[in-house]
Amino acid sequence: MDKLMLTSTLVLLLLFTECGAQIDVCGQVKAQTRIVGGVAASPGDWPWQVSLHRLGSHFCGASLINNQWLLSAAHCFASSIAVTAFLGRQSQEGSNPDEESREIAEIIRHPSYDPDTFDNDVALLKLSLPVNFTDFIGPVCLATQNSTFFTGTESWVTGWGTIGSGVPLPSPQNLMEVEVPVVGNRQCNCDLNPITVTDNMICAGLREGGKDSCQGDSGGPMVSKQGSQWVQSGVVSFGRGCAEPEKPGVYARVSRYQDWISNRTSGTPLPGFVTFTSEGTDPDLQVSCADPTTSSVTATPTSTAFCGHAPLNERLSGSGTSSARAGMWPWMASLHWNGSHVCGGTLVAEDGVLTSAECIMRSSTPSEWTVFLGRVRQNGSNSFETAMSVVSIVSSTLSGSNVAVLRLASRAPLSDFIQPICMESGETFATGSTCWAAGWSEGRGGEEQALQEVQTSLVDCGNASSTNICTQNLTLDQEDSGGPLMCQLGNAWYQVAVLGTSSSNPRQAEGQMMVFPKLSLFKDFLMQALGDFLSPPDSDPESDSAPSLLLSQLLVVGIGLHAILMLLCHE
């Protein structure tokens, strides 16, 4: 019965394409004057490209598939924060005279999306109001389920993401375009082993590297031209680094979702589905991995990341202030504004950094910030560090001291030197417990300005104990602001407060006690900004396992919403 209903649906779909299908208008570029690789696009070159904004900043891309639906990546929407779509946009800075904006009224992630493997990494977004097509705003065609994209198929990706790992798009942040050839799934599995490239994915990249999508481009389209029409083959999903040799980027394969898109977008004009056909025989059929014992088409299932695990920090207590070793506090983040360290922070989610709201008062523009993870020295070499770009910044709005969350453009590459810390959400830390603070400042750490750690003890806050946590006196500099006050509970480390140095940060009996707002006061805000808190190793059934290699190596590339949105008109 289900098969009969599906067949009837497809027949009706074919019979009534005249009632609003986009096949006659999709994939057409009226204003295009030239196409070149790796440079800024001209206005109207890619009229289906959409910029998605959250809290006033671009965080992902998307593609317009009809007058009311967008296609994007599921991993872009772990948060419930409101999203605005900008269509016809050319630059993230300055005026965009051909632009229209719409609020996103509905977000539909694929029901089988797997956040660990990025399988089925597609989402549909419904605009609050339909848009009118112009020379600068128009839908892309979508690949049908019987399309073929053989190895070497010329493809283009577009977006406003970083131009290298941790390298932000320079002002005025124009839409960028780059040409990359399709890499067959067999070859891609060999290249990315042990990451599994499923049939729901398609890969693209140069063997020598140098061209790729990158952080901030997620959700954007990969398209190929057939005749006069541009057909979307992929949605930017993930990769290992950006533009590395023999490490192609991975995209959700649009042709696998024709039925899902059609069913979920019924009642609006049907997206234009086009069969893309590659000539000859796919060279990928002849590929076999050089070493079948290390190159496999299937990878080991991955485990979920946990928090508070510091493999290289076995100490429970200490004394005084000293320089920390690499890996001692693997969640420490150095926040750089316009190239200089200004504050500390902590990795509290795979793509989220917590800091003090006073730190980001100097600028709320994400592109002006870079987060360094795994860093020990501000001056000198750091063998295990990673630079991460920022896609959004949001602050809490309580009276008094507040905290801020910086969302990273991709998941952090977890290792012994980079791990998230657990966030206090009501746990009890007894008076007298040994805790630690850490941070960087120009006045400490010698010429290298190494990360400094200081031991302290919790003291009784008196009447303020329900909302505050108190310690023996700590000497804090401006550069320490945003860093953590850390206490160990069981086998896990918890951040119990965010360090601050402004006058709004309550202090009592200076020289004897310092008072900080408990992190649990901001729980609602943090859950809205980050989603569910990570769990410590003790509560994870796979706590004895190392963080999955997949999560350690995946760099979620950002490049635009997938043109997998389709509309049925049979209802």
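The structure reproduced in this document is the subject of the present report. All values derive from a computational prediction rather than experimental measurement.

1. Digging into the overall build of the protein
Along the backbone of the protein there are five helices and 30 strands. For the protein, with 571 residues in total, the buried portion stands at 58%. Put simply, of all contacts in the protein between residues at least 6 apart along the chain, 73% involve residues at least 24 apart. Approximately 22200 Å² of the protein is accessible, and the part contributed by carbon and sulfur atoms is 48%.

2. Quick look at the pattern of salt bridges
One pass over the full model with this rule turns up six salt bridges. With a closest N to O distance of 2.6 Å, Arg207 and Asp191 form a salt bridge. Separated by 16 residues along the polypeptide, Arg207 in the loop between β11 (201–204) and β12 (221–226) and Asp191 in helix α2 (residues 185–192) bring together distant segments of the chain. Take Arg207: its relative accessible area is 34%, and that puts it in the partly exposed class.

3. Concerning the state of the cysteines
Across all of its chains, the model carries eight disulfides by this definition. Disulfide partner of Cys26: Cys141, at an S-S distance of 2.0 Å. What sets the handedness of the Cys26 and Cys141 disulfide is the S-S torsion sign, and at about 90° it is right-handed. Of the two residues, Cys26 is situated in the loop between α1 (2–15) and β1 (39–40) and Cys141 in strand β8 (residues 141–143); the sequence distance between them amounts to 115 residues. Of the residues examined, Cys141 reaches a relative accessible area of 0% and is grouped as buried.

4. Description of the sheet that holds strand β2 (residues 49–54)
Strand order in the closed barrel formed by six strands is β2-β3-β4-β7-β6-β5, with antiparallel pairing between adjacent strands. Put simply, the sheet's adjacent strands are angled 40° from each other on average, direction ignored. In the sheet, strand β4 (residues 69–72) pairs with strand β7 (residues 123–127) via four bridges, with the strands oriented antiparallel. Each residue of the ladder has a partner; that of Leu71, found in β7, is Leu124.

5. Notes on the sheet that holds strand β20 (residues 369–373)
A barrel is described by the order of its strands in space; here six strands give the closed sequence β17-β18-β19-β22-β21-β20, paired in antiparallel fashion. With strand direction ignored, the average angle separating the axes of adjacent strands in the sheet is 40°. Looking at chain direction, strand β17 (residues 332–337) and strand β18 (residues 340–349) are connected through six bridges and run antiparallel. Its bridge partner lying in β18, Met332 is registered against Thr346. Sheet contacts for helix α4 (residues 523–530): β18, β19 (352–356), β21 (386–395) and β22 (403–408); angle to β22, the most-contacted strand, approximately 10°.

6. Description of the pairing of β17
Where burial is concerned, most of β17 is hidden: five out of the six residues are buried. The antiparallel pairing of β17 with β18 creates a hairpin that spans two residues between the two strands, and Asn338 there sits at a positive phi of about 50°. With five bridges connecting them, β17 and β20 associate as antiparallel partners. If you follow His336 over to β20, its bridge partner there is Thr370.

Conventions adopted
- Residues numbered from 1 in each chain as written.
- Predicted model: local features only at pLDDT ≥ 70, side-chain atom pairs only at ≥ 80, totals over all residues.
- Heavy atoms only, no water.
- Helix = DSSP H or I, 4+ residues; strand = E, 2+ residues; numbered from the N terminus.
- Buried < 20%, exposed > 50% of the residue type's maximum accessible area, 1.4 Å probe, protein only.
- Contact = heavy atoms within 4.5 Å.
- Areas by Shrake-Rupley, 256 points an atom, 1.4 Å probe, with all protein chains shown as cover.
- Salt bridge = Lys/Arg side-chain N within 4 Å of Asp/Glu carboxyl O.
- Disulfide = S-S within 2.5 Å.
- Pairing = 2+ DSSP bridges.
- Axes fitted to C-alpha atoms, helices over the stretch in contact; angles between N-to-C directions.

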